[in-house]
Amino acid sequence: TKCRIWQFGNTLINMVNFYKDKVIIVTGASSGIGLASARKFASMGAKLVLASRNLDKLEEIAEELSAVTHQQSVICVKTDVTKEEDCKNLIDRTVEHFGKIDVLINNAGISMRAVFNELDLDVIKRLMDTNFWGTVYCTKYALPYLLETKGSVVGVISTAGYVGLPARTGCSASKFAVRGFLETLRIEHLYDGLHVMIFAPGFTTSNIRNVALTADGSPQGETPRKEERMMSAERVARIMARGIYRRKTHMVLTPLGKVTLFANRRLPRVADKMEYRMMANEP
């Protein structure tokens, strides 16, 4: 027990030293995993660039984080990741202010709840624009700077990026696309120091289900799941920080996520039925 405590303490000290003065961009930083990640990195002395469409909320968060980090160590950039020019501006503003980029966390994303037969196709386009193209745009403009620092690109996907989930055609399609894009990027830069991590949190306590798009593109409004039973965004942020520190390439969180992936590889027909039953319980 004493050995484990010592190892944990030593790892924590090393992580704090690792993150001190690192320049980290977090998209979708106004809530959920993005917000929790920003708080975690700030607590370890990182310099943060917070990106979201909600600038007022970002400025509130920046004021909060100033209590644990230097006032000049957090900047906010209003960013709609579906717009290429916004993503370029995000990277330009970061480099102008801090002079480098060490970590890019592509966290901004939206979800959906509707079977494809009833779905307005614009919903899938909106998911692809946010989840996939947002990751591509930000990564494209950040890549030269990340190569200079031998930094990290993180793509936050979900179990839906590994298996097709019913009523999530747009979500699965966009997350599969992100995974394929980042897998290829990792291999292209296998020998020049770029770290690429595909991060799949599974069901996490956040507002993403409340704002998930329904068949006509309107927000769901109320989560169909018991949020209190899910992994907290704060725990997800801690695991993400360890994963970047250890330069992991893939991380799948939650027992359910791991079981789903295992069953999908070994017992695909059983996995199909399991996924169907699980999602059929939703309203």
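Whatever comes next refers back to the structure up there.
Report follows, based on the coordinates.

About the thresholds
Residues numbered from 1 in each chain as written. Predicted model: local features only at pLDDT ≥ 70, side-chain atom pairs only at ≥ 80, totals over all residues. Heavy atoms only, no water. Axes fitted to C-alpha atoms, helices over the stretch in contact; angles between N-to-C directions. Helix = DSSP H or I, 4+ residues; strand = E, 2+ residues; numbered from the N terminus. Parallel < 35°, antiparallel > 145°, perpendicular 65-115°, else oblique. Left-handed = near helix turned anticlockwise from the far one by under 90°. Contact = heavy atoms within 4.5 Å. Nonpolar A, V, L, I, M, F, W, Y, C, P; charged D, E, K, R; others polar. Buried < 20%, exposed > 50% of the residue type's maximum accessible area, 1.4 Å probe, protein only. Polar contact = N/O pair within 3.5 Å; in protein donor to acceptor, adjacent residues only side chain to side chain. Phe/Tyr/Trp six-rings, centres within 6.5 Å; stacked < 30°, edge-to-face > 60°. Expected span 1.5 Å × (residues − 1). Arc of directions from axis to C-beta.

1. Considering the packing of helix H2 (residues 32–43) against helix H7 (residues 233–245)
Moving on, step 1. Interaxial distance between H2 and H7 falls to 8 Å at its minimum, and their mutual angle equals 60 degrees. Relative to H7, the element H2 is oriented oblique. Between H2 and H7 the crossing geometry is right-handed. Between H2 and H7, the contacting residues are Gly32, Ile33, Ala36, Ser37, Lys40 and Phe41 on the first element and Ala233, Glu234, Val236, Ala237, Arg238, Met240, Ala241 and Ile244 on the second.
Moving on, step 2. Taken together, the residues of the contact of H2 with H7 break down into 9 nonpolar, 2 polar and 3 charged.

2. A word on the environment of Tyr145
Moving on, step 1. Note on placement: Tyr145 falls in helix H5 (residues 121–149).
Moving on, step 2. Residue class for Tyr145 comes out partly exposed when judged on its relative accessible area of 25%.
Moving on, step 3. Remark: the alpha-carbon pair of Tyr145 and Leu261, spanning 116 residues in sequence, is separated by 34 Å.
Moving on, step 4. Among residues more than four places away in sequence, those in contact with Tyr145 are Ile91, Val95 and Ile101.

3. Some points on the environment of Glu85
Moving on, step 1. The topology assignment puts Glu85 in helix H4 (residues 84–98).
Moving on, step 2. Remark: the alpha-carbon pair of Glu85 and Cys138, spanning 53 residues in sequence, is separated by 9.8 Å.

4. Some points on the side chain of Ser174
Moving on, step 1. The residue Ser174 is located in helix H6 (residues 169–188) in this model.
Moving on, step 2. Of the polar contacts made by the side chain of Ser174, one reaches the backbone oxygen of Cys171; its length is 3.0 Å.
Moving on, step 3. If sequence neighbours within four positions are ignored, Ser174 has contacts with Leu127, Met128, Asn131 and Phe132.

5. Quick look at the packing of aromatic side chains
Moving on, step 1. Counted by the stated rule, this structure contains 6 aromatic pairs.
Moving on, step 2. When the centroid spacing of 5.2 Å and the interplanar angle of 50 degrees are considered together, the rings of Tyr19 and Phe41 count as tilted. Remark: Phe41 occurs in helix H2 and Tyr19 occurs in helix H1 (residues 2–19); sequence separation between them is 22 residues.
Moving on, step 3. Between Phe132 and Trp133, the ring centres sit 5.2 Å apart and the planes meet at 70 degrees, which makes this aromatic pair edge-to-face.
Moving on, step 4. Looking at Trp133, the relative accessible area reads 37%, which means it is partly exposed.

6. Some thoughts on helix H9 (residues 268–280)
Moving on, step 1. Relative to the 18 Å expected for 13 residues at 1.5 Å per residue, H9 spans 18 Å between its end C-alpha atoms, a close match to the ideal helical length.
Moving on, step 2. Among the residues making up H9, those that are buried are Ala271, Glu275, Met278 and Met279. End-on view of H9: buried residues confined to an arc of 90 degrees, all on one side of the axis. Residues Arg269, Lys273, Tyr276 and Arg277 are exposed on H9 and point more than 90 degrees away from its buried face.
Moving on, step 3. The inward-facing, buried residues of H9 abut helix H8 (255–266).

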